[in-house]
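# Understanding the architecture of this molecule
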Amino acid sequence: MSSTRIFRKSGRASIYDQNPIINVSFSFVPDPKPPSIKIVRPSDPDLWGSNNATLLCLVSGFFPSDVIVNWEKAGSRLPLSRYSSSPSVLYAGSSTYSMNSRLIVPWSEWNRNSNYSCAVRHESSERPITHTIENVFGEWAADLNSAMN
């Protein structure tokens, strides 16, 4: 039984006995690096006078570049029409990638039980890597409700 290892850096090796007997090419691929995930809340100025809020999921430090991002509310996947994701970008001077995904949250969902998750699928993990932000609009929604009453 033989095993093959793939290397990231390219090169050539030859074995000589007056004439080349074996020529081998190789390249090195580093092990996958899992992404770090952070969700950024909208600021108060972003919320005032708006019918929508945007949650931003920052996904960084991963390799290779392929990721799939989904958003969930209270454990249920949200439709693709609610969010958009940027392509993965290689960090300058690094071997890791970053990207972001923006979720639009309509005013009708701004209540105290607003728990949203950014779930990222990447080959470094068999299960999605998830970050959840709880009670996103809690204090702001409470202030808004008391101002309306």
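The name an unreviewed UniProt entry gives the protein is Ig-like domain-containing protein, with Hucho hucho as the organism.

### Focus: the state of the cysteines
The term disulfide refers to a covalent linkage connecting the sulfur atoms of a pair of cysteines. Inspection of the entire model under this criterion finds one disulfide. In this model C57 forms its disulfide with C118; the gap between the sulfur atoms is 2.0 Å. Negative torsions about the S-S bond denote left-handed disulfides, and the value of about -85° found for C57 with C118 makes this one left-handed. One end of the pair, C57, is in strand β4 (residues 52-62); the other, C118, is in strand β10 (residues 116-121), with 61 residues separating them in the sequence. Just as C57 is buried, C118 falls in that class too.

### Brief notes about unusual backbone geometry
The residue after F63, namely P64, is reached through a cis peptide bond having omega -5°. If you check the backbone angles, A74 has positive phi at about 50° while not being a glycine.

### Things to note about the sheet that holds strand β11 (residues 129-133)
Strand order in this open sheet of four strands is β6-β5-β10-β11, and the pairing throughout is antiparallel. The strands lining the two open edges of the sheet, one partner per strand, are β6 (76-77) and β11. For strand β5 (residues 68-73) and β6, the ladder comprises two bridges, and the chain directions are antiparallel. In the sheet register, E72 faces β6, and the bridge partner there is R77.

### Considering the packing of aromatic side chains
This structure, assessed with the given rule, holds two aromatic pairs. Members of the aromatic cluster, connected to one another through ring pairs, are F62, F63 and Y97.

### Comments concerning the pairing of β10
Counting buried residues in β10 gives five out of six residues, a clear majority hidden from the surface. Note that β5 and β10 share six bridges and pair antiparallel. Residue pairing in the sheet places W71 in a bridge with C118 of β10. By the bridge criterion, five bridges tie β10 to β11 in an arrangement that is antiparallel.

### Section: the nonpolar core
By size, the foremost hydrophobic cluster in this structure holds 25 residues, and its most contacted members are L55, W71, L103, Y116, C118 and F137. The set of elements that each furnish at least two residues to this core consists of β3 (36-40), β4, β5, β9 (97-106) and β10. At five residues, the largest contribution of residues to this core is made by β4.

### Thoughts on the pattern of salt bridges
Counting across every chain of the model gives two salt bridges. Between K73 and E109 there is a salt bridge, with the nearest N and O atoms lying 3.8 Å from each other. Residue K73 is located in strand β5, and its partner E109 is located in the loop between β9 and β10; the two are separated by 36 residues in the primary sequence. With a relative accessible area of 15%, E109 lands in the buried category.

About the criteria used
- Residues numbered from 1 in each chain as written.
- Predicted model: local features only at pLDDT ≥ 70, side-chain atom pairs only at ≥ 80, totals over all residues.
- Heavy atoms only, no water.
- Disulfide = S-S within 2.5 Å.
- Helix = DSSP H or I, 4+ residues; strand = E, 2+ residues; numbered from the N terminus.
- Buried < 20%, exposed > 50% of the residue type's maximum accessible area, 1.4 Å probe, protein only.
- Pairing = 2+ DSSP bridges.
- Phe/Tyr/Trp six-rings, centres within 6.5 Å; stacked < 30°, edge-to-face > 60°.
- Core = buried A, V, L, I, M, F, W, Y, C linked by side-chain atoms within 4.5 Å.
- Salt bridge = Lys/Arg side-chain N within 4 Å of Asp/Glu carboxyl O.

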